[in-house]
2 protein chains.
Amino acid sequence: MADILADVRARGDAAVLDYTQRFDALPAASVAELEIDPATLRAAFEALPAAQRDALQQAAARIRRYHEAQLEACGRSWQYRDDDGTLLGQMVTPLDRVGVYVPGGKAAYPSSVLMNAIPAHVAGVGEIIMVVPTPRGERNALVLAAAHVAGVTRAFTIGGAQAVAALAYGTATIPRVDKITGPGNAYVAAAKRRVFGTVGIDMIAGPSEILVLADGSTPPEWVAMDLFSQAEHDELAQSILLCPDADYLDAVQAAIDRLLPTLPRAAIIAASLNGRGMLVRTRSMQEACALSNRIAPEHLEVASREPQRWVPLLKHAGAIFLGAYTSESLGDYCAGPNHVLPTSGTARFSSPLGVYDFQKRSSLIEVSAAGAQRLGRIASVLAHGEGLQAHARAAELRLEAQP
Amino acid sequence: MADILADVRARGDAAVLDYTQRFDALPAASVAELEIDPATLRAAFEALPAAQRDALQQAAARIRRYHEAQLEACGRSWQYRDDDGTLLGQMVTPLDRVGVYVPGGKAAYPSSVLMNAIPAHVAGVGEIIMVVPTPRGERNALVLAAAHVAGVTRAFTIGGAQAVAALAYGTATIPRVDKITGPGNAYVAAAKRRVFGTVGIDMIAGPSEILVLADGSTPPEWVAMDLFSQAEHDELAQSILLCPDADYLDAVQAAIDRLLPTLPRAAIIAASLNGRGMLVRTRSMQEACALSNRIAPEHLEVASREPQRWVPLLKHAGAIFLGAYTSESLGDYCAGPNHVLPTSGTARFSSPLGVYDFQKRSSLIEVSAAGAQRLGRIASVLAHGEGLQAHARAAELRLEAQP
């Protein structure tokens, strides 16, 4: 994998072409041929059945609205002045160019295109470059359509470590980006980790998890299906139910046994539930909340008649789904918030993907002549205390002086 | 280094004690003996000369005020409701516990204690654990005093990879934290990189840099001293001056030659300027701004008579220092903004350390019965499109149903 990164860095387009031919069995004479133009993306959208077209557009509109509220709440520049006229503030600006990695082949997730590209677009990112591998030329129409809806600027049918390298270092054809987001297989994750520092990256995601806190008021079938909808992602996904009511736990177990055989992905779900799932009786809802805080789950469902009662007790979670009607799957696709969430307990210190991930901040300082007198004395004392005399002298030169 | 991490993870206190005895020549019978209690921190503060005490307090007050403004601007929870009563929002909460690494020995930086601990404190972090190595028992009074002023909760005289491991994994005596910030040597940086994921970390800093854009209106001695104050950090630090005026560049070079011999750290400064420094004549201030954007410097000084004129042209920088009076050193110590800034061009995609680094966000979703009808149809279509039938069924169960 490190070889691929180094090779793409050194040989650029030629290396990208070689690896794409080799790993994706995709014949092309140049990287330019691997670009999908905007008209093709739009055509994919227009060719969809009406129900899919509407669903994509409505989901995109809701995701956009949520991230616009996020921008409004936390994404603006600000400043203030001291009495002496000194100005202090922070300038918030979008990234110039980002890369969105989209997995290809069997597991194609158009929702992932929306969730990565829309916050970048709302943040004001100038160019959004999507990469998606198309093994043997197989293109997923929903993914291309989602790119059109989400405002992707350019799209290339490349994937794997070679796509990450191309985005991080740039080639003659593929522009260098400032940050790479989006999920991928183990190679892609390892490549992202390695280029971190040259570009920004989002969190490296672990297996997906759901934790349900139940007071027994939600139909057991609903909770069972929510546990399934996590478990169907893969065998390592984790579904946990915490509840103080033993009868309810039994009812959910019965619903699991009854509903499991009806699902196409029953084998994966069974492996996940048997290997990693848990139904746990707690002493109280309070104890369930405390346990949830220790786990810091990616998805936290509060399947309670009075869900807002428990919110003040909840400290760490990627996303909190309140009440019987809020199935995790509504949040995954279209409620509005992002479905890229911190996994494996990292919700203790990290956040959902958001507009803030596509912005950066610069401090602004403009010290007035009067301010330089006050600040210069403080800086001089501290700089001498640290043995940094040039720092001290730079402050002292501004004392009682006219420029 | 990986060995030390694994050993501390396995043996806890005993391993921390061993490495501290070995690397810091610090004899102690238990890790408890390595703790500095709050009364000792306060005593260190009270024993300082009045000028140092005042400087620390005034710097801390200004840094606190700036970060409170930051909290106000971007650190609050928010929510809104759809017409159908569905609630969407984001809950912003502080981290429970953070670790602040402070280098010890010769290069002791009390300002670094203020810059790391105060934003954590303002964010509302419950416990701030400081670690600082004290080779052969040598304690730096200003560092201890700064810990008192900045609101550090507990302090331990440990350092190196063993301190990073103790904070990341916890031991019987040292509590596990959620995030580790603060500068350290190469071992500390490597250890932080490796524990990333178990805990959060701040950026790994490269050598420090300053870029000065000058229109010729600032006294050449002032600019020379600002270039020195970057170069004195270490031989790899970088100081660059861009200016369209050849005479002014000559005047700065003359000032450098005249002032350099007067500085205690002249050897380091000379090595840095000769190896990595540049005085560059540009065609115009506009071209200088464009070059600065390509470099994305950590510190950007706009030494201009009309500094605000150039701000709209500046896209990427950790901190921007406007006008002749705003020496970088004022920002390093006491203007208010943080001095922990993105280095090596990472200002293209990352930000100064701030209150936001000590908070995390959880999405909030509470879908109403009516909302579940609208959202359920969208989610069902998209989930089927991705081949995730349990996701689809979970949404469909909420259609036209009463819980």
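Everything quoted here is computed from the prediction, not taken from an experiment.

(A) Broad picture of the relation of the copies chain B and chain A. Between chain B and chain A, which share one sequence, the superposing operator has a rotation angle of 180° and an axial displacement of 0.0 Å; the RMSD is 0.0 Å. Expressed as a symmetry operation, the mapping of one chain copy onto the other fits a two-fold axis. The C-alpha atom lying nearest the rotation axis in chain B is that of Cys74 of chain B; the distance is 2.1 Å. The share of interface residues of chain B whose copies in chain A are also at the interface is 99%, consistent with both copies meeting through the same surface.

(B) How the structure looks around the environment of His233 of chain B. Among the secondary structure elements, His233 of chain B is positioned in the loop between α9 (220–231) and β10 (238–243). The spacing of His233 of chain B and Ser272 of chain B is 39 residues in sequence and 8.9 Å in space, taken between C-alpha atoms. Not counting the four nearest positions on each side in its chain, His233 of chain B is found in contact with Leu388 and His391 of chain A together with Ser208 and Arg265 of chain B.

(C) Spatial organisation of the sheet that holds strand β9 (residues 209–214) of chain A. Spatial ordering of the open sheet is given by β11(A)-β10(A)-β9(A)-β12(A)-β13(A)-β14(B)-β3(B)-β2(B), a layout of eight strands whose pairing is mixed. Each of the sheet's edge strands pairs with one partner strand only, and the pair in question is β11 (278–281) of chain A together with β2 (78–81) of chain B. Sheet twist, expressed as the mean angle between neighbouring strand axes with direction ignored, is 15°. Note: strand β10 (residues 238–243) of chain A against β11 of chain A, four bridges, orientation parallel. Pairing of Leu241 of chain A across the sheet is with Leu279 of chain A, part of β11 of chain A.

(D) Structural context of the nonpolar core. Of all hydrophobic cores here, the largest spans 68 residues; its most connected members are Leu56, Val113, Leu114, Ile128 and Met130 of chain B. Excluding its chain neighbours within four sequence positions, the residues that come into contact with Val113 of chain B are Val102, Ile118, Met130, Val143, Ala146, Ala147, Ala150 and Val152 of chain B. Listed in part, the 67 residues of the second largest apolar core include Ala59, Ile128 and Tyr325 of chain A together with Ala383 of chain B.

Scoring rules and cut-offs
- Residues numbered from 1 in each chain as written.
- Chains lettered and ligands numbered in written order.
- Predicted model: local features only at pLDDT ≥ 70, side-chain atom pairs only at ≥ 80, totals over all residues.
- Heavy atoms only, no water.
- Least-squares fit on C-alpha atoms with pLDDT ≥ 70 in both.
- Contact = heavy atoms within 4.5 Å.
- Helix = DSSP H or I, 4+ residues; strand = E, 2+ residues; numbered from the N terminus.
- Pairing = 2+ DSSP bridges.
- Axes fitted to C-alpha atoms, helices over the stretch in contact; angles between N-to-C directions.
- Core = buried A, V, L, I, M, F, W, Y, C linked by side-chain atoms within 4.5 Å.
- Buried < 20%, exposed > 50% of the residue type's maximum accessible area, 1.4 Å probe, protein only.

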